[in-house]
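# Descriptive analysis of the structure
Spelled out from the first residue to the last, the chains are:
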Amino acid sequence: MDYSNLRRQAASMKKVLFDQGHLDEQFRQVEDLQDEASPNFVEEVVVVFFKDSGRLISNLEQALEKYPRDFNRWDAYMQQLKGSCSSIGASRMKNECMSFRDNCGKGNVEGCMGCLQKLKREHAILRQKLESYFQLLRQAGPAGAATRPVM
Amino acid sequence: MAVAIAEAPFHVLAVDDSLPDRKLIERLLKTSSFQVTTVDSGTKALEFLGLHGEDASISVHADHLDVEVNVNLIITDYCMPGMTGYDLLKKIKESSSLRDIPVVIMSSENIPSRINRCLEEGANEFFLKPVRLSDMSKLKPHIMKSRCKEHYHQEEDDLLSNSDSNTSSNPTNNSSSDTISNNSNPTNYSSNPTDNSSGDSSSARKRKAADDEILPKTSRPRHS
């Protein structure tokens, strides 16, 4: 098996994620924290992030139904979510969070709903792409997982 | 007399209700050679620090004499359900045994009035999230400064107990001359003012220690 080729593929996959704006510089900051002592750190954080953001999105959806037009409450949920997205470098998701909050500020329910749908879509896309990315890294072998692929 | 320098890493208590953020701050701190404890709420932070119940501010002087926990710095998120980071900061500053522990506030929102409020309440530093590795280098100066204060007061005790002529410098002179250079040797008390503002946004503004308070001599656990 050509491990260097797999690593190249993984690097290329990651580059696309950056080029298309799914990820931003903060993701690189997170990668910088991975080392021999913590060789799977990035994947661990990403897994935690998707679990956590999934939960927050679900809570928000419930709140949208249970508390109609309660923009302060909706905004508070979204602030939490935006924080997480920001911490991990989930750039597109973060932008949708910000648009949602803008719409809260304007009292625009439809705008909020639209943003939430986009947010869910971005969440799903990013999750799927990063899962593929980490899978590729794992196939590329321990060396591929422990070191940061060169972009 | 030889100063006992802690061989053990400094211990930071990190408080954040967000799990991904907790994981990140833990890694940031560990990568920077700190020993880390994370908790997910202000209430749990106070429990860990040995404060109990609602009247934590007046409670546990006696309890603190044998407290096992030794925390050198507290870093906390601002926005948390229940007890906010600001509430936690206040509780810490109201406690005679904890108020000298440096506190850093983190927030994803850049709100100057919030930042000022925290600094005025005694926070040593404010970090805008996402916190970066480069922010970690700002922590040690705060720890060293608070240890230096403690060291000066301990020296004063020793000198007084020897009842010799007091030849050392006035230990209560805690103005800008007790700044510590930001290197790994804690006895190198140069006058390098590392605790001055690094000059960027208001989030870097630090409160000058105007409080020349005398530390309670034995109620703070000694660093071994």
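The subject of this paragraph is the overall build of chain A. Helices and strands together make up the secondary structure of chain A, namely 7 helices and 0 strands. When the backbone C-alpha atoms are referred to their principal axes, chain A occupies close to 55 × 30 × 20 Å. The proportion of buried residues among the 151 residues of chain A is 48%. Within chain A, contacts between residues at least 6 apart in sequence are counted, and of these 69% link residues at least 24 apart. Counting only carbon and sulfur atoms, one obtains 48% of the accessible surface of chain A, whose full area is about 7,600 Å². Averaged over its 22 positive side-chain charges, chain A has a centre that lies 3 Å from the centre of its 20 negative ones.

Turning our attention to the interface of chain B and chain A. Every contact between the two is made by 16 residues of chain B and, on the other side, 21 residues of chain A. Summed over both partners, the interface of chain B with chain A buries about 1,600 Å², with 58% contributed by carbon and sulfur atoms. Considering only the surface of chain B that becomes buried against chain A, B:Lys23, B:Leu24 and B:Arg27 emerge as the three largest contributors, covering 36% of it. Our enumeration of links across chain B and chain A arrives at 3 salt bridges. One salt bridge in this structure joins A:Arg101 and B:Glu109, with 3.3 Å as the shortest N-O distance.

In this structure, A:Phe100, A:Leu130, B:Ile25, B:Leu29 and B:Ile75 are the most contacted members of the largest nonpolar core, which totals 59 residues. B:Leu29 has contacts with B:Val12, B:Ala14, B:Phe34, B:Val36, B:Ile75, B:Met136 and B:Leu139, leaving out every residue within four places of it along the chain. Counting residues in hydrophobic clusters, the runner-up holds 25 residues, among them B:Leu13, B:Leu49, B:Leu89 and B:Ile101.

Residues and elements named next belong to chain B. Within this structure, the stated rule accounts for 18 salt bridges over all chains. Measuring nitrogen to oxygen at the nearest pair gives 3.0 Å for the salt bridge that ties Asp 40 to Lys 44. Take Lys 44: its relative accessible area is 41%, and that puts it in the partly exposed class.

This brings us to helix α4 (residues 71–88) of chain A. Relative to the 26 Å expected for 18 residues at 1.5 Å per residue, α4(A) spans 26 Å between its end C-alpha atoms, a close match to the ideal helical length. Most of α4(A) is tucked away: 13 of the 18 residues are buried.

Take the sheet that holds strand β3 (residues 73–77) of chain B next. Residue and element names in this part refer to chain B. Spatial ordering of the open sheet is given by β2-β1-β3-β4-β5, a layout of 5 strands whose pairing is parallel. This sheet does not close on itself; its edge strands, each paired only once, are β2 (35–39) and β5 (125–128). Within this sheet the neighbouring strands show an average axis-to-axis angle of 20°, counted without direction. In this structure, strand β4 (residues 103–107) lies alongside β5, joined through 4 bridges in parallel fashion. Across the sheet, the residue bridging to Met 106 is Phe 127, located in β5. Along the sheet face, helix α1 (residues 19–31) touches β1 (11–15), β2, β3 and β4 and points at about 165° away from the line of β2.

On to helix α4 (residues 112–120) of chain B. One turn of the α-helix equals 3.6 residues, which is why residues spaced by three or four share an orientation. Residue and element names in this part refer to chain B. Residues Arg 114, Ile 115, Cys 118 and Leu 119 constitute the buried set of α4. Down the axis, α4 shows its buried residues gathered within 130° of arc, on one side only. Exposed residues on α4 whose side chains face more than 90 degrees from its buried face are Ser 113 and Glu 120. The inward-facing, buried residues of α4 contact α3 (85–94), β4 and β5. Phi turns positive one or two residues past the end of α4, at Gly 122, with a value near 115°.

In this section: the side chain of B:Lys93. Residue and element names in this part refer to chain B. Turning to its location among the elements, Lys 93 is positioned in helix α3. The buried charged residue Lys 93 lacks any salt bridge partner; its closest oppositely charged side chain belongs to Asp 100, at an N-O distance of 6.4 Å. For Lys 93, the side chain forms a polar contact with the main-chain oxygen of Arg 99, separated by 2.8 Å. Each residue touching Lys 93, except ones within four places of it in the same chain, is listed here: Arg 99, Ile 101, Val 103, Glu 121, Gly 122 and Asn 124.

Rules and cut-offs
- Residues numbered from 1 in each chain as written.
- Chains lettered and ligands numbered in written order.
- Predicted model: local features only at pLDDT ≥ 70, side-chain atom pairs only at ≥ 80, totals over all residues.
- Heavy atoms only, no water.
- Helix = DSSP H or I, 4+ residues; strand = E, 2+ residues; numbered from the N terminus.
- Buried < 20%, exposed > 50% of the residue type's maximum accessible area, 1.4 Å probe, protein only.
- Contact = heavy atoms within 4.5 Å.
- Areas by Shrake-Rupley, 256 points an atom, 1.4 Å probe, with all protein chains shown as cover.
- Lys, Arg positive; Asp, Glu negative; His and termini not counted.
- Charge placed at Lys NZ, Arg CZ, Asp CG, Glu CD.
- Buried area = accessible area lost by both parts, 1.4 Å probe.
- Salt bridge = Lys/Arg side-chain N within 4 Å of Asp/Glu carboxyl O.
- Core = buried A, V, L, I, M, F, W, Y, C linked by side-chain atoms within 4.5 Å.
- Expected span 1.5 Å × (residues − 1).
- Pairing = 2+ DSSP bridges.
- Axes fitted to C-alpha atoms, helices over the stretch in contact; angles between N-to-C directions.
- Arc of directions from axis to C-beta.
- Polar contact = N/O pair within 3.5 Å; in protein donor to acceptor, adjacent residues only side chain to side chain.

Function-wise, these values are silent; they only describe arrangement.
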